[in-house]
Amino acid sequence: MPVIRGLVDGEAAALAGRSLPALTGGALAAALESSPSGVLRLARYEQLSGRERPAHDRLTAVLPTVADPSLRRDLEVQLQLGVAFEPAFGAFTLSLDGPPGVVESSATAVRALVAVAFDRLVMDGIEPAGGWTAAPSVADWAEQLSLEERARLGLLELLARDDPAEILDAIDLLYWVPTLSLAHSLVVEGLQVADAARRAAERAGLGAIGPFLDHITGCCYTTQLRVAEAADMVDRALAGFEESGNWSWWMHVRSIQHVLAVMSREQPPGGGTSSSELERLLLMGDWRDGRRSLGHSVLMELAIVLTSLGDADGARRIILADGDIDDLVLTNPDRALTAEMLCAAAVADGDTVEAARLQRIVDHMMPSPYVLIVRERMQALLSGTAVQEAPVVEDLGHGFEVFRTRWLLLSDAVRRGRRDAALGALANLDAYATEARIAAVRTRAVQLFRAPVAPADGVLSTRQLEVATLAAAGRTNREIAAALFLGVRTVEGYVASALRALGLARREDLATVSLPVSLGAASEVAEPVYLTLRQGQVAALIAAGASNLDIADTLGITEKTVDKHIAAIKDRTGLGTRTAIAASFHTVLARAALPAEVRGPVRADG
């Protein structure tokens, strides 16, 4: 193993392993904290591991203590890279032009390019406070491509020098640069730089980056629909993250595995987490304290799975589990795809206002080839014209989008009752599925021709809704009984009756459905009201006397998102005020999680 000067005791050995989190805790982390350059490396390890908050706090604290201008620039660029991925940390203020007279390292120069490029991708499609003025132009996308190219070529030049210390200085870039290429639909370039990064990391003794390189390589192969090769890489990444206890990244890789499974197998991978269980992990997990973009990517990938299975409403439920589309930390292509899935659900509901809003979002995104494809498909969906297979899909070499477009051609023809066109689209999809070895898609494609199954007739009482919501969130019967001041057997009865009413077999399935509730005389709405899991939680917390801030803290969401859920509850239930909501949802959800001053008296009726 090459000797890299300036490392603390145990750092080289930890870097040689396949566990980046091993570098972020215990005596090793304490030793790194003893100097500003050590803090910089520690924050770098934390950022890539998904521990964005401690990295941000650490860099913010050390910056005022550093006088050396070059080290200050290194720290500032690393800090702003974190802000690019987590807008909640504040305004992105990084300039590519460093302070006059300051000599940047090659890694810092590349990192600045990556930070600026990702900030532009993440903010693309989010409406500014003053509203949109003009849509981004072709020149804006050309500038974006220039940032990616400069970052990619800069990293390749750095790696070619084969200096172990310089490669360690760029350890996070070994993952972020190929990821940046993939975000620009430059799949071949992403694979090339990932391969160069892997070889350089091996020479420099940086085994800790291995699972990340397996992951990005698997993502590139998935994009190309090289399913067997993708599955091998994804399995390796999954094992690496599981072994190191890096559960945020494990969750992300697991969702990629489900995307592969929906194309290559009848069922998701055996012996592991089901999509409903993965959804529950998302709802209960602490990933919001780390890198939210990881969790939001998982939401999108699970939505892709559900969309591929023909469940547009389920895809919408998953996507909106952590807020509106503007609340999600997604890059340009992921936001466009998310908007398209939400638009399909809105069109299916006849909600033309929401569909038009989502179309406006995509219209105000940088016109990347990927966005142009999505824009054309959404326009066809809204106008009622047939979806076309744009030549640009083939030009991208983006196998997954070829598959998605052919799937949409098929489902669009089925939806319009154009049987001849549908059979032709099925033949085209089947030919591509055979070529790409994703034959399981044909089975699901044929199912599109079958009549849909009618939803269950059962509805839930407000008490059943509250119990079902807690059960869906993973609470045991005993915990639910304690929270609601009920007997355990009473809770068991409510869970069983809720499952029967919804036609479900397992309590885990409660996390995957909208919960129909009967409000009786409390509401002007005569039909059953369907609330998502999150809406049920918000409604019951209102009844517990919680303020919007309390609800946001308890559920790990923003107050803005709470407001949106309340508005949705009022719209769906016909209950015009918080008092009316509290009167209908009169018991307590997750009461123990609330601050003592907002718990108030408990009602045990029901």
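Residues numbered from 1 in each chain as written. Predicted model: local features only at pLDDT ≥ 70, side-chain atom pairs only at ≥ 80, totals over all residues. Heavy atoms only, no water.

> Before we go on, may I ask you to explain the overall build of the protein in this structure?
A tally of regular secondary structure across the protein gives 30 helices and two strands. Buried positions account for 55% of the 606 residues belonging to the protein. Considering only residue pairs separated by 6 or more positions, the protein has 66% of its internal contacts joining residues 24 or more positions apart. (Helix = DSSP H or I, 4+ residues; strand = E, 2+ residues; numbered from the N terminus. Buried < 20%, exposed > 50% of the residue type's maximum accessible area, 1.4 Å probe, protein only. Contact = heavy atoms within 4.5 Å.)

> How do you make sense of the packing of helix 5 (residues 69-85) against helix 6 (residues 106-123) when you look at a structure like this?
Between helix 5 and helix 6, whose axes approach to 9 Å, the crossing angle comes to 20 degrees. The orientation of helix 5 relative to helix 6 falls into the category roughly parallel. The chirality of how helix 5 crosses helix 6 is left-handed. Between helix 5, through Arg73, Asp74, Val77, Gln78, Gln80, Leu81, Ala84 and Phe85, and helix 6, the contact on the second element is made entirely by Thr108, Arg111, Ala112, Val114, Ala115, Phe118, Asp119 and Val122. Looking at the contact of helix 5 with helix 6 residue by residue, the classes come out as nine nonpolar, three polar and four charged. (Axes fitted to C-alpha atoms, helices over the stretch in contact; angles between N-to-C directions. Parallel < 35°, antiparallel > 145°, perpendicular 65-115°, else oblique. Left-handed = near helix turned anticlockwise from the far one by under 90°. Nonpolar A, V, L, I, M, F, W, Y, C, P; charged D, E, K, R; others polar.)

> Looking at this structure, I do not really get the packing of aromatic side chains. What am I missing?
Ring pairs (aromatic) are described by centroid distance and by the angle formed between their planes. Within this structure, the stated rule accounts for 10 aromatic pairs. Ring geometry for Phe85 against Phe118: centres 4.8 Å apart, planes inclined by 45 degrees, an arrangement best described as tilted. Here the residue Phe85 occupies a position in helix 5, and Phe118 occupies one in helix 6, the gap between them amounting to 33 residues. Judged by its relative accessible area of 2%, Phe118 is buried. Each ring, one from Phe118 and one from Trp176, has its centre 6.0 Å from the other, and the planes form 75 degrees; the classification is edge-to-face. (Phe/Tyr/Trp six-rings, centres within 6.5 Å; stacked < 30°, edge-to-face > 60°.)

> Would you take a moment to explain the pattern of salt bridges for this structure?
Taken as a whole, this structure holds 25 salt bridges when the rule is applied. The partner of Arg292 in a salt bridge is Glu86, with the nearest N and O atoms 2.8 Å apart. With Arg292 in helix 15 (residues 292-308) and Glu86 in the loop between helix 5 and helix 6, the pair connects residues that are 206 residues apart, well separated along the chain. With its nearest N and O atoms 2.6 Å apart, the salt bridge here joins Glu166 to Arg161. One connected set of salt bridges, linked through shared partners, spans Asp324, Asp327, Glu354, Arg357 and Lys564. (Salt bridge = Lys/Arg side-chain N within 4 Å of Asp/Glu carboxyl O.)

> Hey, could you run me through unusual backbone geometry in this one?
One non-glycine residue, Asp162, lies in positive phi territory at about 60 degrees. Locating Asp162 in the fold gives a position in the loop between helix 7 (138-160) and helix 8 (164-169). Backbone geometry places Ser185, a non-glycine residue, at a positive phi of 65 degrees. Summarising the element assignment, Ser185 is placed in the loop between helix 9 (173-183) and helix 10 (187-204).

> Teacher, can you tell me more about the nonpolar core here?
Across soluble globular proteins, nonpolar side chains have a tendency to be buried as a group. Judged by nonpolar contacts, the single largest core of 111 residues is most densely connected at Val114, Leu155, Leu159, Trp176, Leu206 and Ile209. Here this core gets 10 residues from one element, more than from any other, and that element is helix 6. Discounting chain neighbours no more than four positions away, the residues touching Leu159 are Ile167, Leu174, Ala196, Ala197, Ala200 and Arg203. Of all hydrophobic cores here, the second largest spans 19 residues; its members include Val467, Ala471, Leu484 and Leu502. (Core = buried A, V, L, I, M, F, W, Y, C linked by side-chain atoms within 4.5 Å.)

> What am I meant to see in the environment of Arg53 here?
Mapped onto the fold, Arg53 is located in helix 4 (residues 52-62). Spatially, the C-alpha atom of Arg53 lies 9.1 Å from that of Glu86, the residues being 33 residues apart in sequence.

> What is the right way to look at helix 10 in this model?
Working note: α-helix, 3.6 residues per turn, so residues spaced by three or four point in the same direction. For helix 10, spanning 18 residues, the distance from its first C-alpha to its last is 25 Å, which sits close to the expected 26 Å at 1.5 Å a residue. Three or more residues of helix 10 are buried, namely Val187, Gly190, Leu191, Val193, Ala194, Ala196, Ala197, Arg198, Ala200, Ala201 and Ala204. Buried residues along helix 10 sit against helix 7, helix 8, helix 9, helix 11 (210-223) and helix 12 (227-244). Downstream of helix 10 by a residue or two, Gly205 has a phi angle that is positive, lying close to 75 degrees. (Expected span 1.5 Å × (residues − 1).)

> When you look at the packing of helix 9 against helix 10 in this model, what are you seeing that I'm missing?
Angle between the axes and distance between the axes are the two parameters that describe a pair of packed helices. Taken N-terminus to C-terminus, the directions of helix 9 and helix 10 make an angle of 170 degrees; their axes are 7 Å apart at the nearest point. Regarding the angle of helix 9 to helix 10, the classification is roughly antiparallel. Mapping the contact onto sequence places Leu174, Val177, Pro178, Ser181 and Leu182 in helix 9 and Val187, Glu189, Gly190, Val193, Ala194, Ala197 and Ala201 in helix 10. Partitioned by chemical class, the residues of the contact of helix 9 with helix 10 number nine nonpolar, two polar and one charged.

> How should the environment of Leu40 be read in this particular structure?
Its place among the elements puts Leu40 in helix 3 (residues 36-49). In sequence terms Leu40 and Leu63 are 23 residues apart; their C-alpha atoms lie 9.8 Å from each other. The contact partners of Leu40, leaving out residues within four places of it in the chain, are Leu59, Leu71, Asp74, Leu75 and Gln78.

> Hey, could you run me through the confidence of the model for the protein in this one?
For any part of a model where pLDDT is low, the fine detail of the predicted coordinates should not be relied upon. Scored by pLDDT, the protein comes out at a mean of 80, with 73% of its residues at no less than 70. Every residue in residues 450-457 scores below 50 in pLDDT, and together they form four contacts with partners more than four places removed in sequence or on other chains. (pLDDT = per-residue confidence, 0-100.)

> I tried to follow the environment of Ala200 on my own but got confused; where do I start?
By the secondary structure assignment, Ala200 is in helix 10. Setting aside residues up to four positions removed in sequence, Ala200 forms contacts with Leu159 and Ile167.

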